[in-house]
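For reference, the chains in residue letters:
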Amino acid sequence: MTPEQLFDLVRNPPAGSPELICERVGPVQWVIFNRPEARNAMTFAMYDRLVEVCGEVNAGRSIRVMVLTGAGGKAFVSGTDISQFKSFSTEQHALDYEEGGNHVMATLESVRVPVLAAIAGPCTGGGAGMAACCDIRLAAPSARYGFPIARTLGNCLSMQNYARLTALLGIAKVKDLILTSRLMNAPEMLHTGLAAEVVDSEDTLLPRTQELAEQISQNAPLTLQATKESLRRIAQRLVPEGDLSAQIVMCYTSHDFHEGVDAFLEKRKPVWTGA
């Protein structure tokens, strides 16, 4: 596939395309989250497929760089599809969800090649978590980043995700984002170092990402792999030892969480009770 064909595919995926589109452009493996009608919200099946693709990239020795982006140009990933939370009723549902999410994030973070995120529009919740697992993030002017869970669902992040964000942004910025539920815009993403670059326009995001990916692909692959793994292990030291489930159980089994899910699906403001 040529770069131009890839860019057209990202902007206008054909009807009937899979929810996770994978295409090669030279040494670059593109992964496209393809639910633009839902701002590319992730289904559990999409998470599972992403794990599979990471394994395929690790096995494909001719692949030198992996790129994640969202179809349609209006969103990267707006999080996990909220309708899937309607079935949550037990502590184990909550623990299984976060354990599965940790597996997805750890798998993405452990991909042997550099992983780039090309971000346009909302990059929130699970999408923000995946972007944090990437090595380099490029942003369009429309990019917005954050975890508005205190405003929307009333859940929490796993300890691994809190640690990952702290390594990336620092404790003060993580508190700022989650306690206020606000989203960083593209200039702030650049200022904090979250984004390596903000491109001039929406139209230049994909070509610039491919250009950078090709540049990186020419570097020594074992140097890149060793650097990634070394820094991943350093960041992992921020995760405390011991049982980390209490906060997850508290949030996901609460009345507030079910209220948040219902309110989101009913398109109304949730009424929080702290119970």
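If you're wondering where the values come from, they're calculated on a predicted model, not measured in any experiment. Here the residue numbering is sequential within each chain, running from 1 through the sequence in written order. Given that this is a predicted model, residues contribute local features only at a pLDDT of at least 70 and side-chain atom pairs are listed and counted only at 80 or more, while totals for whole chains, interfaces and linings are drawn from all residues. Hydrogens are left out, water is left out, and the side-chain values use all remaining heavy atoms of the structure.

K.L.:
A description of the environment of Ser217 should follow, citing residues and the corresponding values.
P.N.:
If you trace the backbone, Ser217 turns up in helix H9 (residues 205-217). Separated by 27 residues in the primary sequence, Ser217 and Leu244 place their C-alpha atoms 38 Å from one another. There is a polar contact of 2.6 Å between the side chain of Ser217 and the backbone oxygen of Glu214. Put simply, DSSP marks the helices as runs of H or I at least four residues long and the strands as runs of E at least two long, and each gets a number from the N terminus on. Residues adjacent in sequence count toward polar contacts only when both atoms are side-chain atoms; beyond that, a polar contact is any pair of N or O atoms within 3.5 Å, and within protein one must be able to donate a hydrogen and the other to accept it.

K.L.:
Tell me what's going on with the pairing of strand S6 (residues 136-139), and back it up with residues and numbers.
P.N.:
Paired strands are those between which DSSP finds at least two bridges. With four bridges joining them, strand S4 (residues 115-119) and S6 adopt parallel strand pairing. Residue Ala117 lies in a different strand from S6, and its bridge partner there is Arg137. The pairing of S6 with strand S9 (residues 197-198) spans two bridges and is classified as parallel. When the bridges of S9 are listed, Leu138 appears paired with Glu197.

K.L.:
How would you sum up the sheet that holds strand S8 (residues 184-185)? Please name residues and give values.
P.N.:
Read from one edge to the other, the open sheet built from three strands follows the order S5-S7-S8, with strand pairing classed as mixed. Of all strands in the sheet, those with a lone pairing partner are strand S5 (122-124) and S8, marking the two edges. As judged from the two bridges shared by strand S7 (residues 144-146) and S8, these two strands associate in the antiparallel manner. Looking across to S8, one finds that Tyr145 is bridged to Met184. Lying over the sheet, helix H4 (residues 126-133) contacts S5 and S7, oriented at roughly 85° with respect to S5. Note on definitions: a residue-residue contact is assigned when non-hydrogen atoms from the two residues lie within 4.5 Å. Only C-alpha atoms enter the line fits that serve as axes; for helices the fit covers just the stretch in contact. Angles between N-to-C directions range over 0 to 180 degrees.

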